[in-house]
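# Descriptive analysis of the structure
Listed here are the chains, written in short residue letters.
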Amino acid sequence: MLRSCMAVLAVVSTVASQSLIVNLSGVVKNKTGAALNDAIVTLEKRDVSVLTNGSGEYSIQVLPVTQAFTGPTIINFEIKNGSLIFTVREQGPVAIDIFDLNGRRVATPVNEILPKGKHAVRFPVAGVIGNMYLVRSRIGSTVTIWKYMTIDNSIRRITTPSTSAASSVASLMASVDTIRASKAGYRSARIPVSSLNGTLDITLDSLENGSGTVGTSPIDNGAADRIKHYGVDQYFWGDLGNGNVPLVKITNAVSTDVVDLEVTFNPDFVDNTYGTGSQGWSQRRGHTFRDLHISDHVEIAVVNGAGDTVWHGRLDLLSASNDVSSGYACLGPFGGDGAIFIGNASDVISFGSSLDDNINYYGYELLVNSPATDSTFKQNPEYPYWQYYVSYHLTLDKDIFGPSGYGEVHMTSVHASPSKNGPETVEVTELPPPVPGSPEDPFRFMIPNNPTTPPDTTTNPPPDDTTGTDTTTPPNDTTPTDPGIGVD
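These notes cover the structure that comes with them. (Residues numbered from 1 in each chain as written. Predicted model: local features only at pLDDT ≥ 70, side-chain atom pairs only at ≥ 80, totals over all residues. Heavy atoms only, no water.)

## Side note on the overall build of the protein
So the rule is basically this: Elements are defined by DSSP. Helices are runs of H or I of four residues or more, strands are runs of E of two residues or more, and each kind is numbered from the N terminus. Relative accessible area decides the class of each residue, using a 1.4 Å probe on protein chains only: under 20% of the type maximum gives buried, over 50% gives exposed, and in between gives partly exposed. Working definition of accessibility: Shrake-Rupley area with a 1.4 Å probe, residue cover restricted to the visible protein chains.
Looking only at helices and strands, the protein features 4 helices and 31 strands. The proportion of buried residues among the 488 residues of the protein is 54%. When the accessible surface of the protein is totalled, it reaches about 20,400 Å², and 49% of it is carbon and sulfur.

Here's what the structure looks like:
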């Protein structure tokens with residue numbers, strides 16, 4: 001994704017409160033100290049969102065709630081000089097895993113047989129400002145979950161030691177209150193709340209844009225929050241050979257500063273399954289990672305309220321890139337299969353794709369086989385955030401639409417090479433939406449871009465899947481075609 005830009009966390013007030021209410025307030029500002037109006041601030045566990053006012057101020061009040069983690073501080077785990085210090089009573093296997101607030105394993109400081117006695121291992125997240133982690137220890141057959149608060153460098157036990165590994169880091173994560181703040185043009189901040197009462201000021205760092213950058217997740221760039229808050233859907237239907245079905249859903253979100261667009265394809269047409277994980281693709285042709293990163297893109301033409309095309313271009317799904325560790329990234333309209341035909345690079349605030357999120361944001365560097373799933377795209381517990389739907393994200397500066405404002409995205413056809421079912425090019429017509437969740441709704445299995453309850457990720461890390469990676473880069477064709485939408 002884009003280079004890391006850390007959110008700055010002001011000290012959280014620990015005002016004591018006898019009543020079990022949420023009473024949080026503060027100011028959202030940028031690094032120069034300027035207040036950010038219309039930023040979206042969400043108390044994640046309770047899924048309560050508010051907007052900041054013209055002075056950047058927000059206030060969240062909820063009644064009733066339950067307090068988060070409780071548990072005594074104990075002394076047989078200690079953080080000192082960047083090390084985790086603990087005692088093993090008898091020689092045996094010891095495994096210690098560290099999880100972040102997304103439920104992702106970020107480190108395993110030790111996983112080996114240790115002799116009886118006192119041990120110290122490097123604790124890689126010690127002292128990280130403004131964050132919280134869960135630590136799972138397995139000493140012999142005993143499993144315990146701990147909470148590490150970086151704000152005071154404390155580690156506390158939050159589950160009773162058990163001989164069962166059933167203690168789920170994910171379920172405990174669901175008990176953690178976190179604040180997420182987002183604003184167009186800035187990197188979102190996700191911060192643990194040590195008190196449900198008091199003041200929490202948040203400083204957001206700017207998000208890069210423009211030619212030469214790689215995509216960002218809609219969680220990172222705030223598009224997921226804006227789409228949830230302002231989103232309106234358009235549906236385009238076409239015939240895959242078995243009757244007229246919804247082929248594309250386009251969600252637009254018009255906020256104060258930007259217009260967000262999310263383009264999602266019916267998985268019966270094209271999806272993010274490939275290799276041995278392919279779901280529904282013919283055995284003769286199959287579907288490969290190369291099919292997705294070599295040529296897949298979407299072409300969109302966006303009009304204003306007066307019907308004038310203000311932006312027309314292609315968005316890359318995934319291409320070879322030296323800017324990310326995986327070697328592949330979404331280049332939006334700035335590289336790979338991307339191009340701008342009408343409009344300017346400066347019109348683009350952010351962009352991304354679901355496959356880019358899978359590989360780079362969530363770190364699932366699966367370059368041969370996608371996670372195994374079924375026809376309902378059931379989440380694989382080893383890759384719980386994998387998005388099987390092909391989606392493209394684009395955020396445009398609202399000023400380009402002029403006085404008439406945002407209009408719509410026009411679409412005449414879609415194209416996929418290969419397509420999963422039916423012809424590769426299908427004419428489409430805008431029609432009313434399908435009944436949500438009904439069998440005719442092909443988008444009913446799509447997981448949200450902003451999950452507030454992380455799935456269980458406590459399984460052992462899967463083996464690397466990098467064999468047979470195809471790094472061929474095709475020539476870039478920038479010839480504009482029909483200003484509708486399509487993938488190739």
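Having put the structure on the table, let's press on.
## As for helix α4 (residues 354–361)
Spacing of three or four residues puts side chains on the same side of an α-helix, whose turn is 3.6 residues. Most of α4 is tucked away: 8 of the 8 residues are buried. In the segment just after α4, glycine 363 is the residue with positive phi, at about 75 degrees.

## Here's the deal with the sheet that holds strand β28 (residues 406–410)
What counts, and what does not: Two strands make a pair as long as DSSP finds a minimum of two bridges between them. Working convention: axes come from line fits to C-alpha atoms, limited for helices to the stretch in contact. Angles between N-to-C directions cover 0 to 180 degrees.
Ordered by their spatial adjacency, 4 strands build an open sheet running β25-β22-β21-β28, and the pairing between neighbours is antiparallel. Whereas interior strands pair on both sides, the edge strands pair on one side only; in this sheet they are β25 (339–342) and β28. Pairwise comparison of adjacent strand axes, ignoring direction, gives a mean angle of 20 degrees for this sheet. Two elements, strand β21 (residues 297–304) and strand β22 (residues 309–316), share 7 bridges in a ladder whose sense is antiparallel. By the bridge assignment, histidine 297 is partnered in β22 with aspartate 316.

## Observations regarding unusual backbone geometry
Of note, the bond from serine 417 into proline 418 is cis; its omega dihedral lies within 30 degrees of zero at 5 degrees. By the secondary structure assignment, proline 418 is in the loop between β29 (413–415) and β30 (425–427). Positive phi values are uncommon outside glycine, yet aspartate 38 reaches one of about 60 degrees. Mapping aspartate 38 onto the fold places it in the loop between β2 (22–30) and β3 (40–43). Judged by its relative accessible area of 26%, aspartate 38 is partly exposed.

## A few points about the sheet that holds strand β4 (residues 48–51)
Strand pairing within a sheet occurs via backbone hydrogen bonds; the two strands may be parallel or antiparallel. With antiparallel pairing, the 4 strands of this open sheet are ordered in space as β4-β3-β14-β15. Because the sheet does not close on itself, it has two edges, and the strands there are β4 and β15 (189–192). Averaged over all pairs of adjacent strands, the angle between their axes in this sheet comes to 20 degrees, without regard to strand direction. Two strands pair when backbone bridges link them, and β3 and β4 are joined in this way by 4 bridges, in the antiparallel orientation.

## Here's the deal with the pattern of salt bridges
In plain terms, the rule: Salt bridge, as applied in this entry: a Lys or Arg side-chain nitrogen positioned within 4 Å of an Asp or Glu carboxyl oxygen.
Counted according to the given criterion, the structure contains 10 salt bridges. A salt bridge links lysine 183 to aspartate 257, with the nearest nitrogen and oxygen atoms 2.5 Å apart. One end of the pair, lysine 183, is in the loop between β14 (178–182) and β15; the other, aspartate 257, is in the loop between β19 (244–254) and β20 (258–265), with 74 residues separating them in the sequence. Through salt bridges with shared partners, a single network forms among Glu44, Arg180, Arg190 and Asp225.

## A look at the environment of histidine 393
Note the following rule: Note on contacts: a residue pair is in contact if any heavy atoms of the two residues lie within 4.5 Å.
Position of histidine 393 relative to the elements: it lies in strand β27 (residues 391–397). As for histidine 393 and leucine 261, which are separated by 132 residues in sequence, their C-alpha atoms are 5.8 Å apart. If near-sequence neighbours (up to four positions away) are discounted, histidine 393 is found in contact with Pro218, Leu261, Glu262, Leu315, Ser350, Phe351, Gly352, Ser353, Asp357 and Asn449.

## A look at the packing of aromatic side chains
For clarity, the cut-off: Planes of paired rings set the category: under 30 degrees apart is stacked, over 60 is edge-to-face and the rest tilted, where pairs are Phe, Tyr or Trp rings (Trp by its six-membered ring) whose centres lie within 6.5 Å.
Counted by the stated rule, this structure contains 17 aromatic pairs. Relative to tyrosine 364, the ring of tyrosine 362 lies with its centre 6.1 Å away and its plane at 20 degrees, an arrangement referred to as stacked. On the numbers, 5.7 Å between centres and 55 degrees between planes, the contact of phenylalanine 377 with tyrosine 389 is tilted. With phenylalanine 377 in the loop between α4 and β27 and tyrosine 389 in the loop between α4 and β27, the pair connects residues that are 12 residues apart, well separated along the chain. With relative accessibility at 7%, the residue phenylalanine 377 sits in the buried group. Joined through ring pairs, the aromatic side chains of Tyr274, Phe289, Tyr328, Tyr361, Tyr362, Tyr364, Tyr383, Tyr385 and Trp386 make up one cluster.

## As for helix α2 (residues 223–230)
Considered for burial, the residues of α2 that qualify are Ala223, Ala224, Asp225, Arg226 and Ile227. Next to the buried residues of α2 lie β3, β14, β19, β20 and β27.

## Structural notes on the environment of alanine 223
Residue position: alanine 223 is located in helix α2. According to the relative accessible area criterion, alanine 223 is buried, its value standing at 3%. With 36 residues separating them along the chain, alanine 223 and valine 259 place their C-alpha atoms 9.2 Å apart. When neighbours within four sequence positions are excluded, alanine 223 is seen to be in contact with Pro218, Asp260 and Thr395.

## Section: the side chain of arginine 187
So the rule is basically this: In protein, a polar contact means a hydrogen-donor-capable atom and an acceptor-capable atom, both N or O and within 3.5 Å, with residues adjacent in sequence counting only if both atoms are side-chain atoms; elsewhere, any N or O pair within 3.5 Å suffices.
Assignment of secondary structure puts arginine 187 in the loop between β14 and β15. The exposure class of arginine 187 is buried, given its relative accessible area of 7%. Side chain to side chain, arginine 187 and aspartate 220 meet in a polar contact 2.4 Å long.

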